[in-house]
Amino acid sequence: MTARIVSGTEVAKEIREELKAEITELKEKHNIVPGLVTILVGEDPASQSYVSAKNKTAHAIGINSEQVTLDADTPEEELLSLVEKYNEDDSINGILVQLPLPKHIDEGKILNTINPDKDVDGFHPVNIGRMVLGENCFLPCTPHGVLELLARSGVETSGAEVVILGRSNIVGKPMANLMLQKRESGNATVTLCHTRTKDMAEHCRRADIIIAAAGVAKLVTADMVKDGVAIMDVGVNRIGVTESGKAKLAGDVDFESVKEKASVITPVPGGVGPMTITMLMKNTVQSAKMKANLI
Ligand code: L34
């Protein structure tokens, strides 16, 4: 079997068009313009490129977006006060602090300070709790993007054996939780593999759907998957530089070999990455609507 390649770039575009229409309506009917602030601490090139893509996308669909860039040695106190300032700012519906943060800053402390009603990343413990209970909340952007990709590419999750690789707080853990919930793109039987898993390949071979978020380039090879598996590749690994000086990217899945056995596969780049950015936009619009009691 040769896989259908699911373009996250295309699906993200489709969702952005829907959001654009929603934002126009918000403005025309309610005079509301959703506001987002992105905060970047330091100069990590990957983080810089993600944050600037987030701002660009926000502007393109009519969200008011500002980017704050702070020096890598910014004291924790200063970042905390900045977050508190935006918590109080009525024009801001979403606050995003790009991770990872420099070592001297306590990530948990920062995420705990963001007003849960403006936590468009869905990282605040209150939102994680709501998510686990299946209550209305902001879903973390990458897992949310994977759910949308599965739904919009017609992959049946109900009753499926889903194997997730990686147990990070921002992808693996929430992903596992969402997939087992009684909801659309849920109802799966979930296995979560991590660095202490005894035989990852054996788990993968049973999987109807593999969601790879381990951060290891080309971890999943063709011999580890069954025919017809659906693959969502979350990995964005920098494996060198191209001739033009751009970073060369690889997913967690060996795309070339696995695509010959899979039914569906997402590429890297152009798969889950663009969906992450678009789900941030969706959450920001959701936040603005919630504030105005429209949902
Ligand atoms: N607070 N921190 C916070 N929220 C997030 O949702 C993130 N994440 C992760 C890292 N830190 C975060 C992102 O934004 C990962 N992530 C992210 C966002 C976008 C892309 C990849 C990761 C993306 O667009 N990737 C492109 C390739 C971009 C490139 O050339 O580097 C792709 O097509 O996969």
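What this report covers is the structure whose coordinates are included nearby. The shown structure was predicted, so the numbers you read here are calculated from the model rather than taken from an experiment.

Thresholds, definitions, all that
Residues numbered from 1 in each chain as written. Predicted model: local features only at pLDDT ≥ 70, side-chain atom pairs only at ≥ 80, totals over all residues. Heavy atoms only, no water. Helix = DSSP H or I, 4+ residues; strand = E, 2+ residues; numbered from the N terminus. Rg over C-alpha atoms; globule rule 2.2 N^0.38 Å. Buried < 20%, exposed > 50% of the residue type's maximum accessible area, 1.4 Å probe, protein only. Contact = heavy atoms within 4.5 Å. Areas by Shrake-Rupley, 256 points an atom, 1.4 Å probe, with all protein chains shown as cover. Lys, Arg positive; Asp, Glu negative; His and termini not counted. Charge placed at Lys NZ, Arg CZ, Asp CG, Glu CD. Near = heavy atom within 4 Å. Polar contact = N/O pair within 3.5 Å; in protein donor to acceptor, adjacent residues only side chain to side chain. Salt bridge = Lys/Arg side-chain N within 4 Å of Asp/Glu carboxyl O. Axes fitted to C-alpha atoms, helices over the stretch in contact; angles between N-to-C directions. Parallel < 35°, antiparallel > 145°, perpendicular 65-115°, else oblique. Nonpolar A, V, L, I, M, F, W, Y, C, P; charged D, E, K, R; others polar. Pairing = 2+ DSSP bridges. Patch = residues over 30% accessible without salt bridge, like charges linked within 9 Å, V, L, I, M, F, W, Y side chains within 5 Å.

Once that is clear, we can look at the overall build of the protein. When helices and strands are counted, the protein shows 10 helices and 11 strands. Against the 2.2 N^0.38 benchmark of 19 Å for 295 residues, the protein shows a C-alpha radius of gyration of 19 Å, consistent with a compact globule. Here the protein holds 295 residues, and the buried ones make up 52% of them. Long-range pairs, those at least 24 residues apart, make up 69% of the contacts in the protein with a sequence separation of at least 6. As presented, the protein carries roughly 13700 Å² of accessible surface, and 50% of it is formed by carbon and sulfur atoms. Side-chain charges in the protein split into 32 positive and 40 negative, and the spacing between the mean points of these groups amounts to 3 Å.

Right, let's talk about the site of the ligand for a bit. As a matter of local geometry, the ligand sits amid 17 residues, with Lys-54, Val-97, Asp-121, Arg-238 and Gly-270 nearest to it. Within the contact set of the ligand, a nitrogen atom lies 3.1 Å away from a side-chain nitrogen or oxygen of Gln-98. Arg-238 is positioned such that a nitrogen or oxygen atom in its side chain is 2.6 Å from an oxygen atom of the ligand. Residue assignment for the shell around the ligand shows that the elements contributing at least two residues are helix H2 (45-61) and helix H10 (272-291).

Here the focus is the pattern of salt bridges. Within this structure, the stated rule accounts for 12 salt bridges. With its nearest N and O atoms 3.0 Å apart, the salt bridge here joins Arg-206 to Glu-161. Here Arg-206 is found in helix H8 (residues 200-206), whereas its partner Glu-161 is found in strand S5 (residues 161-165), with 45 residues between them in sequence. Residue classification places Glu-161 among the partly exposed positions, given a relative accessible area of 26%.

Let us now look at the packing of helix H6 (residues 141-152) against H10. With their axes 8 Å apart at the nearest point, H6 and H10 run at an angle of 105° to one another. One element, H6, and the other, H10, form an angle in the roughly perpendicular class. In this structure, H6 contributes Cys-141, Thr-142, His-144, Gly-145, Val-146, Glu-148 and Leu-149 to the contact, and H10 contributes Val-272, Met-275, Thr-276, Met-279, Leu-280, Lys-282 and Asn-283. The residue makeup of the contact of H6 with H10, split by class, is 7 nonpolar, 5 polar and 2 charged.

Attention shifts here to the sheet that holds strand S7 (residues 209-212). The strand order across the open sheet formed by 6 strands is S1-S11-S8-S7-S5-S6, and the pairing between neighbours is parallel. Lying at the two open borders of the sheet, with one neighbouring strand each, are strand S1 (4-5) and strand S6 (189-193). Judged from the 2 bridges that link them, strand S8 (residues 230-233) and strand S11 (residues 264-265) form a sheet pairing that is parallel. From the neighbouring strand, Ala-230 faces S11, where its bridge partner is Val-264.

Time to look at a negative patch on the surface. Together, Glu-43, Asp-71, Asp-73 and Glu-78 line one region of the surface with negative charge. Tracing the chain through its elements places Asp-73 in the loop between strand S3 (64-70) and helix H3 (76-88).

All right, on to unusual backbone geometry then. Note the cis peptide between Leu-99 and Pro-100, where omega equals 0°. Structurally, Pro-100 can be placed in the loop between strand S4 (94-97) and helix H4 (107-113). Note the cis peptide between Val-268 and Pro-269, where omega equals 0°. Relative to the helices and strands, Pro-269 is located in the loop between S11 and H10. In this structure, Ser-185 takes a positive phi of about 60° despite not being glycine. By secondary structure assignment, the location of Ser-185 is in the loop between helix H7 (172-180) and S6.

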